[in-house]
Amino acid sequence: MLVLSRFSGSPAPRAAFPATRLRRVRATDWSRRLVRETTLSVDDLIWPLFVMDGSGEQPVGSLPGVNRLGETDIVATAKRAVDLGIPAIALFPATDPKLKTEDAAEAFNPDNLVCRVTRQIKDAVGDSLGVILDVALDPYSSHGQDGLVRDGQVINDETVDVLCQQAIVQAAAGCDIIAPSDMMDGRIGAIRTALDEAGHSGVQIMSYAAKYASAFYGPFRDAVGSAASLGAADKKTYQQSPAQSDEAIAEVALDIAEGADSVMVKPGMPYLDIVARVKETFGVPTFAYQVSGEYAMLRGAADAGWLNGDAVILESLLSFKRAGADGVLTYFAADAAELLHRV
Ligand code: PBG
């Protein structure tokens, strides 16, 4: 029997109104704090960062407040994450379009942008910060797909071989958690074996296990430059249909059986039902990704003065915890950490 964070017995018999007044425990701040079931802490945050060649910062139009960071300046941001107490960052490359090819070979270049940046960060901050790298080909492919394309189809098994090579160079650069976001079948087991054989048995795998073909990834694709490569194409032959729930359970079951250390549900807020089901069914470390489109909606509305930004940041992140997530990937990580340190 799994021990869950939430009460799962039979409901206690309550006296009828007026003996029971549910407002009684809500009446004061101290009482609300005392009965609180769910908490959000800085330890729950993973901060996704976009990196680019060179120096400086470049704003991402569809992600107000989020910049691509030059590789010579990224260490300062990693140190800021450490100072804020954020446990881990996830790095995504805006690859020079000249390096994007049909076979996405830059993905397994041991000296590619994310590998260079990971080495720098690990040299500077060591084990005070976890570094997570995506495994998928979209930042490196001229067609913008996460896998290799043959005759117009994203081909599974050959892609998995390339993903294994990508995972190995990333682990060799010092990456702590390999996060396959490609949704190919069988990749978790293959990557686990490849990492172990290459001497990286201590490197974790966080599987993007239930990843949906979502329109909420739009701003991310602007940030890494894959939107233009993808054009009118979509990822529906490998990412899940938003209509599916049981299929997410099947995906997670397989990834755990293949050796995933933790699993992720993505997007986040529109998929909290999946987060809750996954946590209740498997009881493994479960993460949710508050993706770029979710960030853009909240940030945009806050910037327009339509929502209270600080309040919706904390409320949205708390809702992930309430659904059962152990942590959240969020572009609000630094803002949230500052807000949490303030209270
Ligand atoms: C790449 C990848 C994507 C995201 C994370 N890794 C985009 C996609 O699958 O098209 C989306 C993250 C976000 O929207 O914030 N496979």
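Residues numbered from 1 in each chain as written. Predicted model: local features only at pLDDT ≥ 70, side-chain atom pairs only at ≥ 80, totals over all residues.

- Under an unreviewed UniProt entry, the name given to the chain is Delta-aminolevulinic acid dehydratase, and the source organism is Rhodopirellula bahusiensis.
- Per UniProt, the chain has the following entry under Sequence similarities (unreviewed entry): "Belongs to the ALAD family."
- UniProt, in the comment section headed Pathway (unreviewed entry), describes the chain in these words: "Porphyrin-containing compound metabolism; protoporphyrin-IX biosynthesis; coproporphyrinogen-III from 5-aminolevulinate: step 1/4." (UniProt positions renumbered as here; feature names shortened; annotations may be inferred.)

### As for the site of the ligand
- Lining the immediate surroundings of the ligand are Asp-134, Ala-136, Asp-138, Asp-146, Ser-181, Tyr-217, Phe-220, Arg-221, Lys-235, Val-291 and Ser-292.
- Broken down by class, the residue content of the shell around the ligand amounts to 4 nonpolar, 2 polar and 5 charged. (Near = placed C-beta within 6 Å. Nonpolar A, V, L, I, M, F, W, Y, C, P; charged D, E, K, R; others polar.)

### Details of the UniProt feature "active site" (unreviewed entry) in the chain
- Those places that UniProt annotates as "active site" (unreviewed entry) correspond, in this numbering, to Lys-211 and Lys-266. For the annotated residues, spread through 56 residues, the largest C-alpha to C-alpha distance comes to 4.9 Å, consistent with a single compact locus.
- Take Lys-211: there are 27 C-beta atoms within 10 Å of it, and that puts it in the buried class.
- For Lys-211, the contacting residues outside a window of four places in its chain are Ser-181, Met-183, Gln-239, Gln-240 and Lys-266.
- Tracing the sequence through the fold places Lys-266 in strand E10 (residues 262–266).
- Excluding anything up to four places from it in sequence, Lys-266 contacts Tyr-208, Lys-211, Tyr-212, Tyr-289 and Val-291. (Buried ≥ 20, exposed ≤ 12 C-beta atoms within 10 Å, placed from the backbone. Contact = placed C-beta atoms within 7 Å. Helix = DSSP H or I, 4+ residues; strand = E, 2+ residues; numbered from the N terminus.)

### Remarks on the pairing of strand E12 (residues 327–330)
- Burial along E12 is two-sided: Gly-327 and Leu-329 facing one way and Val-328 and Thr-330 facing the other are all buried.
- Two strands pair when backbone bridges link them, and strand E1 (residues 45–52) and E12 are joined in this way by 2 bridges, in the parallel orientation. In the sheet register, Leu-45 faces E12, and the bridge partner there is Val-328.
- Bridging between strand E11 (residues 286–290) and E12 involves 4 bridges; their strand directions are parallel. Following the sheet pairing, Phe-287 is matched in E12 by Gly-327. (Pairing = 2+ DSSP bridges.)

### Considering the environment of Ser-229
- Relative to the helices and strands, Ser-229 is located in helix H7 (residues 226–230).
- Of the residues examined, Ser-229 has 20 C-beta atoms within 10 Å and is grouped as buried.
- Each C-alpha atom of the pair Ser-229 and Tyr-331 lies 24 Å from the other, and the pair is 102 residues apart in sequence.
- With near-sequence residues (within four places) excluded, Ser-229 lies in contact with Lys-100, Ser-141, Ser-142, His-143 and Gly-144.

### Observations regarding the nonpolar core
- Counting residues in each nonpolar core, the largest one holds 98 residues, and the members touching the most others are Val-51, Leu-91, Ala-167, Ile-178 and Ile-191.
- Here this core takes 8 residues from helix H4 (residues 156–172), the largest share from any one element.
- Other than its neighbours up to four places away in sequence, Ile-178 contacts Leu-133, Val-135, Ala-167, Gln-170, Ala-171, Ile-191, Leu-195, Val-203 and Ile-205. (Core = buried A, V, L, I, M, F, W, Y, C linked by C-beta atoms within 7 Å.)

### Examining unusual backbone geometry
- Between Phe-17 and the following residue, Pro-18, the backbone shows a cis peptide bond with an omega angle of 10°.
- Tracing the chain through its elements places Pro-18 in the segment before helix H1 (29–34).
- Cis geometry is found at the peptide bond from Lys-266 to Pro-267, where omega equals -10°.
- Note that Pro-267 resides in the loop between E10 and helix H9 (272–282).
- Unlike most non-glycine residues, Asp-151 shows phi in positive territory, near 50°.
- Secondary-structure assignment places Asp-151 in the loop between strand E6 (148–150) and strand E7 (153–155).
- The phi dihedral of Met-183 falls on the positive side, at around 65°, and the residue is not glycine.
- Take Met-183: it is sitting in the loop between strand E8 (177–180) and helix H5 (187–197).
- According to the C-beta neighbour criterion, Met-183 is buried, with 24 such atoms within 10 Å.

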